[in-house]
Amino acid sequence: MQMKNILITGGAGFIGANFIRVVLAECPQWRLVNLDALTYAGNLANLADLPPEQQARHHFVHGDIRDGALLARLFKEHAFAGVIHFAAESHVDRSITAPQAFVDTNVGGTCTLLQAALAAWQEQGRPAAFRFHHVSTDEVYGSLGPTGAFSEDTPYDPSSPYSASKAASDHFVRAYGRTYGLPILITNCSNNYGPYQFPEKLIPLIIDNILAGQALPVYGDGSNVRDWLYVLDHCQALRQVFEQGRPGETYNIGGGAERTTLEIVRELCRIVDGRQGRATGSSEKRITFVSDRPGHDFRYAIDASKIKRELGWQPQHSFSTALEATVEWYLGHQPWVEGVKSGDYRQWLELNYAGRNC
Ligand code: NAD
Ligand code: DAU
């Protein structure tokens, strides 16, 4: 069996760790080098229980995508067949309070990675099968009104420092494709949920706060809409795009499960209360409307017809079943949240909610 070395960046984070778990199980010929700086969002515990045969194909490197010398060494040592680039600062609220890290990692880091990939690809004689797959977000398209959906042709119109930095990184990736011929792929995905997500994002944060008996903060009036996709469906889409996508192309990925924030929070209250044997409605009482996120995008929705038509991808999980499974996972993994990251998480909550009415 011909082994394929693939560089994964940000593989200790939420989506990266789920992706690594999927492909190590499903692609026996893949050998992964996982480069992650282990910021507050990265957690090697996400990968600690891999079976030995899979551990043997997972090589972790603690390092930064902004470190060009390290990247040059890794490309030389491993002759990568491709790169799947997850590493990023990923939280909108943090980008509002401290944008510079988003410029540094999401824009600067992506450019450093592109340059290292280009140099190695040129040195290898420009292999046609090489892929640089950039994992991006639907937030680059800005905000929708009550109707319509983002297609691959929707003009970029980012609202937050996070989405602006991801938009800039998308532009650089596309430019390396057009200017130098690097075989790039870009995917723009909607909101993911599932296991191993850091509890600063809506779904794990609300589950954690319900369990802790704390206030459930809802920004504004809770009417903002997101298109929710189970992380394992995203991982399958990424694998299909990486293996079958046409170089130079962009693919939008979404779950077709639009929900308002308030609907999500109420549904989580219902599921957790049911599982904890609490009276119906007891957690809903703790829903607390807090001041809105500045520049808060009203609605995201994805037109995923291109990836469905060209690659035959379809989400395999219904929203209601996958949300139940997600709650189940967090109920069984509270030690992961409390034991490994509790100091940082609590500190973040204090910082993030300072000045909010909750
Ligand atoms: P995450 O914050 O959970 O994980 C990011 C990972 O990147 C962490 O392990 C972190 O340690 C690592 N990292 C950060 N800076 C780094 C650096 N300078 N060098 C090396 N590693 C670094 O993020 P996520 O939610 O898993 O998102 C992964 C990617 O998917 C991001 O690019 C994000 O923009 C994109 N995305 C996320 C969603 C979502 O709903 N979470 C949806 C669409 C796209
Ligand atoms: O759309 C894809 C994007 O989804 C990814 O690119 C981002 O990395 C990811 O963080 C996510 O961004 P959002 O800002 O949509 O996700 P978040 O979980 O932060 O918020 C979801 C919605 O819930 C949003 O409308 C804000 C609201 N919210 C969020 C939090 C954390 C609340 O009302 N209360 C909260 O405490």
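See above for the structure.
Only a predicted model underlies this, so the values are computations on that prediction, with no experimental measurement involved.

Colleague: How do you make sense of empty space enclosed by the protein when you look at a structure like this?
Modeller: Gaps left between atoms show up when a probe the size of a water molecule is rolled over them. Tallied over the entire structure, the rule returns one cavity of 30 Å³ or more. What the largest cavity holds in volume is close to 40 Å³. Lining the largest cavity are Val92, Glu139, Ser160, Ser163, Arg293, Gly295, His296, Asp297 and Tyr300. Taken together, the residues that form the lining of the largest cavity break down as two nonpolar, four polar and three charged.

Colleague: Explanation requested: the sheet that holds strand β1 (residues 4-9) in the structure shown.
Modeller: Pairing between the strands of a sheet is mediated by backbone hydrogen bonds and can be parallel or antiparallel. Taken in spatial order, the seven strands line up as β3-β2-β1-β4-β5-β6-β10 in an open sheet, and their pairing is parallel. The open sheet is flanked by β3 (58-62) and β10 (250-253), the only strands paired with a single partner. Looking at each pair of strands side by side, their axes are set apart by 20 degrees on average, direction ignored. Note that strand β2 (residues 30-36) and β3 share five bridges and pair parallel. When the bridges of β3 are listed, Asn34 appears paired with Phe60. Its contacts with the sheet put helix α3 (residues 68-78) on β1, β2, β3 and β4 (82-85), and the angle it makes with β2 is roughly 170 degrees.

Colleague: Is there a simple way to explain the packing of helix α7 (residues 202-212) against helix α11 (residues 319-332) in this structure?
Modeller: Pairs of packed helices are described in terms of their axes, by the angle between the two and the distance that separates them. Running from N to C, α7 and α11 cross one another at 55 degrees; their axes reach a closest spacing of 11 Å. Relative to α11, α7 is oriented oblique. Classified by chirality, the crossing of α11 by α7 is right-handed. Where α7 approaches α11, its residues Ile203, Pro204, Ile207 and Leu211 are matched on the opposing element by Leu323, Thr326, Val327, Tyr330 and Leu331. Grouping the amino acids of the contact of α7 with α11 by side-chain chemistry returns eight nonpolar, one polar and no charged.

Colleague: So what exactly am I meant to see when it comes to the pattern of salt bridges here?
Modeller: Pairing between side chains becomes possible if they bear opposite charge and their charged atoms approach one another. All told, the structure shown has 19 salt bridges when counted by the stated rule. Notably, a salt bridge pairs Arg73 with Glu77, separated by 3.0 Å at the nearest N-O pair. Note that Arg73 and Glu77 are positioned in helix α3 at a spacing of four residues, about one turn of the helix. A salt bridge links Arg270 to Glu267, with the nearest nitrogen and oxygen atoms 2.9 Å apart. Taken as a pair, Arg270 and Glu267 lie in helix α9 (residues 261-276) at a separation of three residues, close to a single helical turn. On the accessibility criterion, Arg270 (45% relative accessible area) is partly exposed. Among the charged side chains, a salt-bridge network with shared partners connects Glu267, Arg270, Arg275, Glu324 and Glu328.

Colleague: Would you take a moment to explain the site of ligand 2 for this structure?
Modeller: Around ligand 2 lies a shell of 24 residues, among which Thr137, Asp138, Tyr162, Arg293 and His296 are the nearest. At 2.6 Å, a side-chain N or O of Tyr162 approaches an oxygen atom of ligand 2. Pro217 is positioned such that a nitrogen or oxygen atom in its backbone is 2.9 Å from a nitrogen atom of ligand 2. Protein coverage of the free-state accessible area of ligand 2, which is 690 Å², stands at 94%. Classifying every residue of the shell around ligand 2 gives ten nonpolar, eight polar and six charged.

Colleague: Help me understand unusual backbone geometry, please; the structure alone is not making it clear to me.
Modeller: Excluding glycine, residues mostly carry a negative phi; peptide bonds, for their part, are mostly trans. One non-glycine residue, Arg126, lies in the positive phi region at around 55 degrees. With respect to the secondary-structure elements, Arg126 resides in the loop between α5 (100-123) and β5 (131-137). We classify Arg126 as partly exposed; its relative accessible area is 44%. We note that Tyr196 has phi near 70 degrees; this positive angle belongs to a residue other than glycine. Relative to the assigned elements, Tyr196 resides in the loop between β7 (191-193) and α7. For Tyr196, a relative accessible area of 11% translates into the label buried.

What counts and what doesn't
- Residues numbered from 1 in each chain as written.
- Chains lettered and ligands numbered in written order.
- Predicted model: local features only at pLDDT ≥ 70, side-chain atom pairs only at ≥ 80, totals over all residues.
- Heavy atoms only, no water.
- 1 Å grid on protein atoms, 1.4 Å probe; cavity = no way out; pocket = protein on both sides within 12 Å on 5 of 7 lines; lining within 4 Å.
- Points joined across faces, edges and corners; volume = space filled by probe spheres on them.
- Nonpolar A, V, L, I, M, F, W, Y, C, P; charged D, E, K, R; others polar.
- Pairing = 2+ DSSP bridges.
- Helix = DSSP H or I, 4+ residues; strand = E, 2+ residues; numbered from the N terminus.
- Axes fitted to C-alpha atoms, helices over the stretch in contact; angles between N-to-C directions.
- Contact = heavy atoms within 4.5 Å.
- Parallel < 35°, antiparallel > 145°, perpendicular 65-115°, else oblique.
- Left-handed = near helix turned anticlockwise from the far one by under 90°.
- Salt bridge = Lys/Arg side-chain N within 4 Å of Asp/Glu carboxyl O.
- Buried < 20%, exposed > 50% of the residue type's maximum accessible area, 1.4 Å probe, protein only.
- Near = heavy atom within 4 Å.
- Polar contact = N/O pair within 3.5 Å; in protein donor to acceptor, adjacent residues only side chain to side chain.
- Areas by Shrake-Rupley, 256 points an atom, 1.4 Å probe, with all protein chains shown as cover.

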